[in-house]
Amino acid sequence: MADKAFIHESSYVDEGCTIGDGTKIWHFCHVQKGAVIGQNCSLGQNVNIGNNVHIGNGVRIQNNVSVYEGVEIEDNVFCGPSCVFTNVTTPRAHFPVHGVYAKTLIKEGASLGANSTVVCGHTVGRSALIAAGAVVTKDVPDYALMAGVPARRIGWVCECGKRLGESLSCECGRKYELQGEQLHKAQ
C-alpha cells in the first residue's frame, strides 16, 4: 500500500491490496484483497472494491458504488453516485458461481451517470458518456452518448464531454469522423 495515499479511519483495506500515491479513500469504504487502485483516484463514501479488481489512474468513484470482481476500470473514468455493476449473467442464490464472473471493461475516459447500470459482460468505450439512470445491456462504442432503458445511442460526445453536433467538431477544437458505426478522432 502506498505511503502517500489517504485512507479514512472508518475504511478497511484488506492485506494484499495496492493503492497508488495520491489516492483518497473516504468514509466507510472497503477495498478487498488483491485489488489494485492506481494513482490519484478518489473513492467516495461507502464504496466497495471487490477482490482482484483493477482500477486505473485518475478514476473518480462517487458515493455508494460497488465495483465487483470481474470489472476493470481504465484511467480517468468517472463513476457517478450509486452507479451499479453486475458480475454474474444468471445469478441464483442456491447456485453460486464460485469465482466465475463475466468480464466488464470500462475504457479510458468514460463517464457513468448517477444510478446508471452496466450489466456484466460488456465494454463501455473510450470517452463514452452513459446518462443518469441508463441501463447498459450491450457494448458501447467509443465517444457514444447512451441513454434510456435499455440504453441506446442518442448521439456522440467529445473527449472533453461536450455533445457533438452534425459536424462532429467540438468547440474545444477536437474533430471527429464517422467510419461505419464507429467515431474516431480526425487526424
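Attention here is on the structure that accompanies the text.

Parameters and conventions
Residues numbered from 1 in each chain as written. Predicted model: local features only at pLDDT ≥ 70, side-chain atom pairs only at ≥ 80, totals over all residues. Heavy atoms only, no water. Helix = DSSP H or I, 4+ residues; strand = E, 2+ residues; numbered from the N terminus. Rg over C-alpha atoms; globule rule 2.2 N^0.38 Å. Buried < 20%, exposed > 50% of the residue type's maximum accessible area, 1.4 Å probe, protein only. Areas by Shrake-Rupley, 256 points an atom, 1.4 Å probe, with all protein chains shown as cover. Lys, Arg positive; Asp, Glu negative; His and termini not counted. Charge placed at Lys NZ, Arg CZ, Asp CG, Glu CD. Polar contact = N/O pair within 3.5 Å; in protein donor to acceptor, adjacent residues only side chain to side chain. Contact = heavy atoms within 4.5 Å. Phe/Tyr/Trp six-rings, centres within 6.5 Å; stacked < 30°, edge-to-face > 60°.

Before going further, it helps to spend a moment on the overall build of the chain. When its secondary structure is counted, the chain shows 0 helices and 24 strands. Taking 16 Å as the expected radius of gyration for a compact globule of 187 residues, we find that the chain reaches 17 Å, a close match to that expectation. Referenced to the eigenvectors of the C-alpha coordinate spread, the extents of the chain come out at roughly 50 × 45 × 25 Å. Taking all 187 residues of the chain together, the buried fraction comes to 42%. As displayed, the chain has an accessible area near 9700 Å², and 48% of this comes from carbon and sulfur atoms. In the chain, 16 positive and 17 negative side-chain charges are present, and the distance between their average locations comes to 6 Å.

Examined against the element boundaries, Thr23 turns out to sit in the loop between strand 3 (18-19) and strand 4 (24-25). Relative accessible area serves as the criterion here: at 0%, Thr23 is assigned to the buried category. A distance of 3.3 Å separates a polar atom in the side chain of Thr23 from the backbone nitrogen of Asn40. When near neighbours in sequence (up to four residues on either side) are disregarded, Thr23 contacts Ala5, Phe6, Ile37, Gly38, Gln39, Asn40 and Cys41.

Counting across every chain of the model gives 2 aromatic pairs. Note on Phe6 and Trp26: the rings are 4.8 Å apart at their centroids and 50 degrees apart in plane angle, and the pair reads as tilted. Highlighted residues: Phe6 in strand 1 (residues 6-7) and Trp26 in the loop between strand 4 and strand 5 (30-31), separated in sequence by 20 residues. Classification of Trp26 as partly exposed rests on a relative accessible area of 32%.

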